[in-house]
Amino acid sequence: MADINPRSSECQAYRLAIRDLCSRFDSAYWQQVEEHSSYPEAFVKALTEAGWLAALIPEQYGGGGLSVTEASVILEEINRSGANSGACHAQMYIMGALLRHGSEEQKERYLPGIASGALRLQSFAVTEPTTGTDTTRTRTVATRAGDRYIVNGQKVWISRIQHSDLMLLLARTTPLAEIKKKTEGLSIFLVDLRDAERQGMTVRPIKNMVNHETNEVFFDNFEVPAANLIGEEGKGFRYILDGMNAERILIAAECIGDGYWFIDKARHYANERIVFDRPIGKNQGVQFPIARAYANLRAADLMRYEAARLFDTGQPAGAEANLAKLLAADASWEAGNVCLQTFGGFGFAVEYDVERKFRETRLYQVAPISTNLILSFIGEHVLGMPRSF
Ligand SMILES: Cc1cc2nc3c(=O)[nH]c(=O)nc-3n(C[C@H](O)[C@H](O)[C@H](O)COP(=O)(O)OP(=O)(O)OC[C@H]3O[C@@H](n4cnc5c(N)ncnc54)[C@H](O)[C@@H]3O)c2cc1C
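The residue numbering used here restarts from 1 in each chain and proceeds along that chain's sequence as written. Two thresholds apply to this predicted model, a pLDDT of at least 70 for residue-level local features and 80 or more for giving and counting side-chain atom pairs, whereas whole-chain, interface and lining totals are computed over all residues. The side-chain numbers reported here are obtained from all heavy atoms of the structure, hydrogens and water having been left aside.

Some words on the overall build of the protein chain
Counted only if it meets this: Helix and strand labels come from DSSP, where a helix needs a run of H or I of at least four residues and a strand needs a run of E of at least two; each type is numbered from the N terminus. It is over C-alpha atoms that the radius of gyration is taken, and the globule rule equals 2.2 Å times the number of residues to the power 0.38. Accessible area is worked out with a 1.4 Å probe on protein chains only. A residue is then buried under 20% of its type maximum, exposed over 50%, and partly exposed in between. For the purpose of counting charges, residues Lys and Arg are taken to be positive, whereas Asp and Glu are taken to be negative. His and the chain ends are not included. Throughout, a charge is located at the NZ atom of Lys, the CZ atom of Arg, the CG atom of Asp or the CD atom of Glu.
Assigned secondary structure in the protein chain consists of 12 helices and 10 strands. Expected size for 389 residues packed as a compact globule is a radius of gyration near 21 Å; at 21 Å, the protein chain falls within 12% of this value. Over its C-alpha atoms, taken along the principal directions, the protein chain stretches across nearly 80 × 45 × 40 Å. A burial count over the protein chain gives 52% of its 389 residues as buried. Treating the 42 positive side-chain charges of the protein chain as one cloud and the 48 negative ones as another, the clouds have centres 4 Å apart.

Printed below as a string of structure tokens:
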């Protein structure tokens, strides 16, 4: 476990390399992807080929063997360039469950392919339409039948299925009535998606506010080999929780990247746009909200680095990871709102990208975890107040 300095020359080199790669995918590229509601395949391919999405996979399996601090710098820079990590971030962190809890055989079988990009593991099926955030009530069931599990149930908002070879699936393997703690009896499986739609899995895309490929999924007697169970049966919920801190930190970094993008856009426009014979940024009514949003963003950025430092040095990071996600999502949303306001009517014009990024950054208040759930973690687990649900 190492204490990585985010201002080291290595981190700086990563920033420059990502900036260089992202500069090939400019505003026109993202506008075209958005206009056709398509997947930014060329962009994801370029990131994969350069090895950035394999940052967290250990070198022995062909990955970069980087820390969460360094991985967070990668995702921050992607969003800071005007791109959207949502298309590809899952390839970076979903494999964490396999890495931490998979058997050596599973790791050797899958991780090298995930590292090279030959296998895309960027779909993670947790959310369900009836139970929502109450994950322990998961209704999708996986019943053991010899050397297979038979899966029945429904998931919703499952992203990037059409652009994944593998999916991590959370399902209940012991009925709620037969367990002592509601967090028990859930298991995670690696599902091969390549032939899944012919074997009992149905996928229905959900049109949504951002250009984010996401779906409803139905399992009807869908078979998963027992060999694809990750770790021990019944411990899946804990395995998922184990990956949450890293995910929170990485998502916080994406928000930070968005925030800096908004601030840069806003200050340039405030300097250039002349109204009443003066740059609009000369008016403190325009300047101060940008300055305040910048201050909040810098503060959130510090919490993200502190969370990443604790995580990378093997110390408890739950409080800081959640605080970082909360503060960063709020800071990027504030920066987005201020940027839109600074642009006036032009903020609504597609050609400036502000409205797209505004929609994209709003999502972080809800997914992958909603703000209220983070507040409830802080209230209960950090501040010791009564449990609410
Ligand atoms: C574009 C997009 C992509 C997504 N991708 C994925 C994916 O790949 N995989 C996946 O598994 N999920 C995915 N999700 C789902 C996402 O994680 C959930 O939408 C999110 O966790 C909130 O759950 P919910 O929508 O069921 O809200 P609900 O649980 O129905 O909650 C609705 C609102 O009520 C609040 N609320 C609920 N209970 C409480 C309480 N006790 N106290 C206070 N507030 C409460 C919530 O915070 C939320 O704001 C995605 C969602 C979107 C929109």
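Structure shown, so let's carry the discussion forward.
As for helix 9 (residues 284-312)
For an α-helix the count is 3.6 residues per turn, leaving residues at separations of three or four pointing the same way. Basically, it comes down to this: Helix span is expected to be 1.5 Å times the residue number reduced by one. Contacts: residue pairs with any heavy atoms within 4.5 Å of one another.
Taking 1.5 Å of rise per residue, 29 residues should cover 42 Å, and helix 9 covers 41 Å from first to last C-alpha, within 8% of that figure. Here helix 9 has its buried residues at I290, A293, L297, A300, D301, R304, Y305, A307, A308, L310 and D312. Residues of helix 9 that are buried make contact with helix 1 (9-23), helix 4 (68-80), helix 8 (236-272) and helix 10 (318-343). After helix 9 finishes, the residue G314 shows a positive phi value of roughly 75°.

Looking at the packing of helix 9 against helix 10
Just so we agree on the cut-off: Where helices are involved, their axes are fitted lines through C-alpha atoms of the stretch in contact, as for all axes, and angles between N-to-C directions lie from 0 to 180°. Reported orientations rely on four angle classes, namely roughly parallel under 35 degrees, roughly antiparallel over 145, roughly perpendicular from 65 to 115, and oblique for the rest. Crossings are assigned a handedness: left-handed for a near helix turned anticlockwise from the far helix by less than a right angle, right-handed for a clockwise turn. Residues are grouped as follows: Ala, Val, Leu, Ile, Met, Phe, Trp, Tyr, Cys and Pro are nonpolar; Asp, Glu, Lys and Arg are charged; every other residue, Gly included, is polar.
For the pair helix 9 and helix 10, the least separation of the axes is 8 Å and the interaxial angle reads 160°. Relative to helix 10, the element helix 9 is oriented roughly antiparallel. Read as a crossing pair, helix 9 and helix 10 show a hand that is left-handed. When grouped by side-chain class, the residues that make up the contact of helix 9 with helix 10 number 17 nonpolar, 2 polar and 5 charged.

Description of the side chain of T69
As a reminder, the rule being used: Counted as a polar contact is a pair of N or O atoms within 3.5 Å, where, for protein atoms, one must be capable of donating a hydrogen and the other of accepting one, and residues adjacent in sequence contribute only when both atoms are in side chains.
Among the structural elements, T69 can be located in helix 4. At 2.5 Å, the side chain of T69 forms a polar contact with the side chain of D312. Dropping the residues within four chain positions of it, T69 is found in contact with I4, P6, A308, R309 and D312.

What to know about the pattern of salt bridges
Convention followed: Note on definitions: salt bridges are taken to be side-chain nitrogens of Lys or Arg within 4 Å of carboxyl oxygens of Asp or Glu.
Inspection of every chain in the model, using the stated rule, returns 25 salt bridges. Between R120 and E41 there is a salt bridge whose closest N-O contact spans 2.9 Å. Placement of R120 in the loop between helix 7 (104-116) and strand 1 (121-125) and of E41 in helix 3 (residues 41-49) is noted, with a sequence separation of 79 residues between them. E41 sits in the partly exposed class, given a relative accessible area of 33%. Notably, a salt bridge pairs E355 with R359, separated by 3.0 Å at the nearest N-O pair.

Here we look at the site of the ligand
Operational definition: Nearness is judged by heavy atoms alone; a residue qualifies as near a molecule or strand once a single heavy atom is within 4 Å of it. Each accessible area is a Shrake-Rupley result for a 1.4 Å probe, and residues are judged covered by the shown protein chains and nothing else.
In the vicinity of the ligand lie 18 residues, with F124, T127, T133, W157 and S370 positioned nearest. A distance of 2.8 Å separates a nitrogen atom of the ligand from a polar atom in the side chain of S159. Within the side chain of N372, one N or O atom sits 2.9 Å away from a nitrogen atom of the ligand. Relative to its free-state accessible area of 970 Å², the ligand is covered by the protein chains to the extent of 66%. Counting only elements with at least two residues in the shell around the ligand, the list comes to strand 3 (148-159) and helix 12 (371-382). The element that contributes the greatest number of residues to the shell around the ligand is strand 3, accounting for 3 residues. The residue makeup of the shell around the ligand, split by class, is 10 nonpolar, 8 polar and no charged.

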